[in-house]
Amino acid sequence: MKKVVSMVENDEYCIDVIHQNRAVQKALSEADSLILENHLKTCAANAIRSGKQNEAIAEIINVLKKSQ
């Protein structure tokens, strides 16, 4: 992110800034996917096993709705 801000502050070519920004966004999206996968395999699975499936499902649906 600092790179993108620095590029804007240094008045670099707009298309280059967009390319860099999209790379940052893609990396963040990939990190989100890994975190969600881990959450499903651990926290959500544990909640379902302990009878809290409705809460676990609602929490995941809420996260997915916010990402739209």
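What you are looking at is a predicted structure, and each value in this text was computed from that prediction instead of being measured.

A. Highlighting unusual backbone geometry. Even without being a glycine, aspartate 11 presents a positive backbone phi close to 55°. Its location among the elements puts aspartate 11 in the loop between helix H1 (2-9) and helix H2 (14-49).

B. Broad picture of the environment of lysine 41. The residue lysine 41 is located in helix H2 in this model. With a relative accessible area of 58%, lysine 41 lands in the exposed category. Linking lysine 41 and leucine 64, residues 23 residues apart in sequence, is a C-alpha distance of 16 Å.

C. Up close: the packing of H2 against helix H3 (residues 53-66). The N-to-C vectors of H2 and H3 enclose an angle of 155°; their axes lie 8 Å apart at closest approach. Our classification of the angle between H2 and H3 gives roughly antiparallel. The two elements H2 and H3 cross, and the hand of that crossing is right-handed. Two secondary-structure elements touch here, H2 through Leu36, His39, Leu40, Ala44, Ala47 and Ile48 and H3 through Gln53, Ala56, Glu59, Ile60 and Leu64. Across the contact of H2 with H3, the residue classes break down as 8 nonpolar, 2 polar and 1 charged.

What counts and how
- Residues numbered from 1 in each chain as written.
- Predicted model: local features only at pLDDT ≥ 70, side-chain atom pairs only at ≥ 80, totals over all residues.
- Heavy atoms only, no water.
- Helix = DSSP H or I, 4+ residues; strand = E, 2+ residues; numbered from the N terminus.
- Buried < 20%, exposed > 50% of the residue type's maximum accessible area, 1.4 Å probe, protein only.
- Axes fitted to C-alpha atoms, helices over the stretch in contact; angles between N-to-C directions.
- Parallel < 35°, antiparallel > 145°, perpendicular 65-115°, else oblique.
- Left-handed = near helix turned anticlockwise from the far one by under 90°.
- Contact = heavy atoms within 4.5 Å.
- Nonpolar A, V, L, I, M, F, W, Y, C, P; charged D, E, K, R; others polar.

What is shown is where atoms sit, not what they do.
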